[in-house]
Amino acid sequence: MPTPPAPFSSVIERSTGTPATSHPDEKPLESFNMKYDKLVIAVGAYSQTFGIPGVKEHAHFLKDVKDARAIRSRILECFEQASQPFMSDVERRKLLHFCVVGGGPTGVEFAAELHDLLHTEIRTHYPNLQKMSKISLYDVAPNILGMFDNSLVQYAEKKFRRDGVNIYTSHNVERVEMGKLFVKEEGEVPFGLLVWSTGLAPNPLISSITGVKKTAKSVTTNDHLNVLREDGSPDPDVWAIGDAGSIEDAPMPATAQVANQKAAYLVKKLNKLVRDKEHTEPFKFNNRGSLAYIGDWQVFSLHPSTLLS
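In this report, the structure presented in the accompanying data block is examined. (Residues numbered from 1 in each chain as written. Predicted model: local features only at pLDDT ≥ 70, side-chain atom pairs only at ≥ 80, totals over all residues. Heavy atoms only, no water.)

### Some points on the overall build of the chain
- When helices and strands are tallied, the chain shows nine helices and 18 strands.
- Counting only residues that meet the buried cut, the chain has 43% of its 309 residues in that class.
- Put simply, of all contacts in the chain between residues at least 6 apart along the chain, 61% involve residues at least 24 apart.
- For the chain, the exposed area adds up to about 16500 Å²; of that, 53% sits on carbon and sulfur atoms. (Helix = DSSP H or I, 4+ residues; strand = E, 2+ residues; numbered from the N terminus. Buried < 20%, exposed > 50% of the residue type's maximum accessible area, 1.4 Å probe, protein only. Contact = heavy atoms within 4.5 Å. Areas by Shrake-Rupley, 256 points an atom, 1.4 Å probe, with all protein chains shown as cover.)

### A closer look at the sheet that holds strand β5 (residues 134–139)
- The strand order β3-β10-β4-β5-β6 describes an open sheet built from five strands, whose pairing is parallel. The open sheet has two edge strands, β3 (60–61) and β6 (165–169), and neither has a second partner.
- Pairing geometry for strand β4 (residues 97–101) and β5, over five bridges, is parallel. Following the sheet pairing, Val100 is matched in β5 by Leu137.
- Packed onto the sheet, helix α7 (residues 150–163) meets β5 and β6 and runs at close to 135° relative to β6. (Pairing = 2+ DSSP bridges. Axes fitted to C-alpha atoms, helices over the stretch in contact; angles between N-to-C directions.)

### A closer look at the pattern of salt bridges
- In this structure the tally under the stated criterion is nine salt bridges.
- The residue Arg92 makes a salt bridge to Asp89 at a minimum N-O spacing of 3.1 Å. On the criterion of helical spacing, the pair formed by Arg92 and Asp89 is a turn pair, its members being three residues apart in helix α3 (residues 89–95).
- Look at Asp89 and you get partly exposed, because its relative accessible area is 38%.
- Between Asp163 and Lys159 there is a salt bridge whose closest N-O contact spans 2.6 Å. Taken together, the positions of Asp163 and Lys159, both in helix α7 and four residues apart, correspond to about one turn of that helix. Side by side, Asp163 and Lys159 carry an identical accessibility label, which is buried. (Salt bridge = Lys/Arg side-chain N within 4 Å of Asp/Glu carboxyl O.)

### Thoughts on unusual backbone geometry
- For Phe50, which is not glycine, the phi torsion reads 60° and is therefore positive.
- A residue is classified by how much of its surface remains accessible, and Phe50, at 57% relative accessible area, is exposed.

### Regarding the side chain of Arg74
- Along the chain, Arg74 turns up in helix α2 (residues 65–82).
- Exposure remark for Arg74: the relative accessible area of 18% places this residue in the buried category.

### With respect to α7
- Helix length check: α7 (14 residues) gives 20 Å between terminal C-alpha atoms against 20 Å at 1.5 Å per residue, within 8%.
- Burial in α7 covers these residues: Leu152, Val153, Ala156, Glu157, Lys159, Phe160 and Asp163. Taken end-on, α7 shows its buried residues confined to a sector of 165°, consistent with a single buried face. Turned more than 90 degrees off the buried face of α7, the exposed positions are Lys158 and Arg162. (Expected span 1.5 Å × (residues − 1). Arc of directions from axis to C-beta.)

### Describing the packing of aromatic side chains
- Tallied over the entire structure, the rule returns four aromatic pairs.
- Measuring from centroid to centroid gives 5.7 Å for Tyr265 and Phe283, while their planes differ by 75°, and the two rings are edge-to-face. Taken together, the positions of Tyr265 in helix α9 (residues 256–274) and Phe283 in the loop between α9 and β16 (291–295) put the pair 18 residues apart, joining distant regions of the chain. With respect to class, Tyr265 is no different from Phe283; both count as buried. (Phe/Tyr/Trp six-rings, centres within 6.5 Å; stacked < 30°, edge-to-face > 60°.)

### What to know about the pairing of strand β10 (residues 193–196)
- The alternating pattern of β10 places Leu193 and Val195 on one face and Leu194 and Trp196 on the opposite face, and all of these are buried.
- Sheet topology note: the β3/β10 ladder contains two bridges and is parallel. Of the residues in β10, the one forming a bridge with Phe61 is Trp196.
- Note that β4 and β10 share four bridges and pair parallel. From the neighbouring strand, Phe98 faces β10, where its bridge partner is Leu193.

### As for the sheet that holds strand β9 (residues 187–190)
- As summarised here, the arrangement of the three strands in space is β7-β8-β9, forming an open sheet in which the pairing is antiparallel. Unpaired on one side and paired on the other, β7 (173–177) and β9 mark the two borders of the sheet. On average, each strand axis in the sheet is tilted by 20° relative to the strand beside it, whichever way the strands run.
- In this structure, strand β8 (residues 180–183) lies alongside β9, joined through four bridges in antiparallel fashion. If you follow Lys180 over to β9, its bridge partner there is Pro190.

This is how it looks when you write it as structure tokens:
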């Protein structure tokens, strides 16, 4: 196999430092070199914490199946602990306070799904404790779902408040401790579960790559998804997709549909390369719109801006 180009000698070397990760228990791996013929960079992104103390140690992130399982286990654990006879009602309410930080689609959808869970299965199995549970949604922005039409945002906020979901916009989280959220505008807020969904941070691998054009969160590619070197020339043997790559002068949302379409495009390109055929068509994103679930089987659609039910 040929030796990889010099600018990408660090691509397959994992940092031996202690990068910010979406999982506090994730340990850095030892560095090693690996030769390649073709390289696809698809390492995704990490959860953004903005350097707020205690977030990595005491919050749950929501990016993959591992996160979802941990959150599910923690919810059930909170209700099991609150079932103990020696617990006071004050302690139970603290334990059954579920906080979500981040008012984008992911945070809103999680709050909505959690509300549905509390009012269906949890109400059946823990009827007395369900009445003590509470959901609070925090965001530093003045409104949740900022990318949607204002009328839809107002409808979502009204529905959440009617359903008993507390919305705290223009609130700043200063630090997190075990079972405690410290908010500048509110003070100490006890919780049993904290879900953190405030956007994406670059993967440490992306940060370590040198000799290529990059944005703050990803490497830059052309419209054929080839990574661009610092001089702007494309590398014919290296591609970047998903949150790890962004097309120059063509920003796209960091969503699954973008990553899925890029992956499907690259599969066709690589299959043609194997058969010594050219794939000359550039990548074109087919935007199918954005949806945000708000509970009770209702979703928002960004294209067009209408409420679906």
